[in-house]
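Per-entry structural report
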Amino acid sequence: MKSTKKRSKPRPDRSQTLLKQLAAVPGRLFTGAFRQQYGALCFRYRGDGPHVEILVITSREAGRWVIPKGWPMKGKKPFEAAATEAWEEAGVSGTVKKKPVGRYTYLKELDDGDVVPCIVDVFQIEVTEVAGGFKEQGQRILEWVSPDEAARRVREIELKSLLVEFEPRGRKRRNRG
């Protein structure tokens, strides 16, 4: 759903990458602190084996492949905020680890057209429930893919590494049958 809110600045031309936009005004990147976000690396085991599938979703505006993520939420711990984002953006829930499995950085375009650097702490969620309906249903495409395929789809280099190297934590590995 598109916002009808008036923007104070015109949005930059989408044909330019964020890096090209920042190259034109490098001071933007270094004038403020990094913003914090929390992401959910949602996974499930394939069949009875040890292999996992990772959930990737499209962003609402650009349609890029991403993982569920969002801003800190008042009254919620970081891992709880990540779980809430997974539920709202993809309709999934499950067992969430309280410590991040990693982090990555990216450039976020805000509603007013500004671009800010963000650090995303990523929390593992072993998905046990997939809802038929959820808050952002119809605004995103969801796909379960191998870690390698997930890494191929996302744009952020550090996130690619996290996905390729992902090993579920805190649970005995399943039989290698």
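This text gives an overview of the structure that appears in the document. Note that this is a predicted model, so its numbers are computed, not measured.

Quick word on the overall build of the protein chain
For the protein chain, the count of helices and strands is five helices and eight strands. Moving toward the C terminus, one meets the helices and strands of the protein chain in the order α-α-β-β-β-β-α-β-β-β-β-α-α. A buried classification covers 40% of the 177 residues belonging to the protein chain. Considering only contacts within the protein chain whose residues lie at least 6 apart along the sequence, 71% involve residues at least 24 apart. About 10,600 Å² of surface is accessible on the protein chain, with carbon and sulfur atoms providing 51% of the total.

So, helix α3 (residues 78–90)
The first and last C-alpha atoms of α3 sit 18 Å apart over 13 residues, in line with the 18 Å expected at 1.5 Å per residue. Looking at the buried residues of α3, the elements they touch are β1 (35–45), β2 (52–58), β4 (69–70), β5 (92–96), β7 (115–130) and β8 (142–145). G91 lies just past α3 and shows a positive phi near 70°.

Side note on the packing of aromatic side chains
For the structure on display, the rule yields four aromatic pairs. Where F43 meets Y45, the ring centres are 5.7 Å apart and the plane angle is 80°; that geometry is what we call edge-to-face. Taking relative accessible area as the criterion, F43 reaches 0% and is therefore assigned buried. Ring pairs connect the aromatic residues F43, Y45 and F166, which therefore count as one cluster. Between K69 and the ring centre of Y106, over which it is positioned, the NZ or CZ distance is 5.1 Å. Cation over ring: R153 sits above W65, and NZ or CZ is 4.7 Å from the ring centre.

Quick word on the pattern of salt bridges
Applying the stated rule across the entire model yields nine salt bridges. A salt bridge links R64 to E156, with the nearest nitrogen and oxygen atoms 3.2 Å apart. Here R64, found in the loop between β2 and β3 (65–66), pairs with E156, found in the loop between α4 (147–153) and α5 (157–164); they are 92 residues apart in sequence, far enough to count as distant. Three or more residues are tied together by salt bridges with common partners; here these are R60, E89, E136 and R140.

Considerations on the nonpolar core
Within the largest apolar cluster, 24 residues are counted, with the highest numbers of intra-cluster contacts made by L41, I54, Y104, V122, L159 and L163. Looking at this core, the elements that each hand over two or more residues are β1, β2, β6 (102–109), β7, α4 and α5. Counting residues per element, this core draws most heavily on β7, at four residues. Here V122 is in contact with G39, L41, I67, P100, V101, G102, R103, Y104 and L162, once residues within four sequence places are set aside. Among the nonpolar cores identified, the runner-up in size contains 15 residues, and C42, V66, I125 and V127 belong to it.

What about α5?
Helical periodicity: at 3.6 residues per turn, an α-helix aligns residues three or four positions apart in one direction. Listed as buried for α5 are L159, L162 and L163. Around the axis of α5, the buried residues are gathered within 95° of arc, so they sit on the same side. On the buried face of α5, the contacting elements are β1, β2, β6, β7 and α4.

The rules behind these values
- Residues numbered from 1 in each chain as written.
- Predicted model: local features only at pLDDT ≥ 70, side-chain atom pairs only at ≥ 80, totals over all residues.
- Heavy atoms only, no water.
- Helix = DSSP H or I, 4+ residues; strand = E, 2+ residues; numbered from the N terminus.
- Buried < 20%, exposed > 50% of the residue type's maximum accessible area, 1.4 Å probe, protein only.
- Contact = heavy atoms within 4.5 Å.
- Areas by Shrake-Rupley, 256 points an atom, 1.4 Å probe, with all protein chains shown as cover.
- Expected span 1.5 Å × (residues − 1).
- Phe/Tyr/Trp six-rings, centres within 6.5 Å; stacked < 30°, edge-to-face > 60°.
- Lys NZ or Arg CZ within 6 Å of the ring centre and 35° of its normal.
- Salt bridge = Lys/Arg side-chain N within 4 Å of Asp/Glu carboxyl O.
- Core = buried A, V, L, I, M, F, W, Y, C linked by side-chain atoms within 4.5 Å.
- Arc of directions from axis to C-beta.

What is shown is where atoms sit, not what they do.
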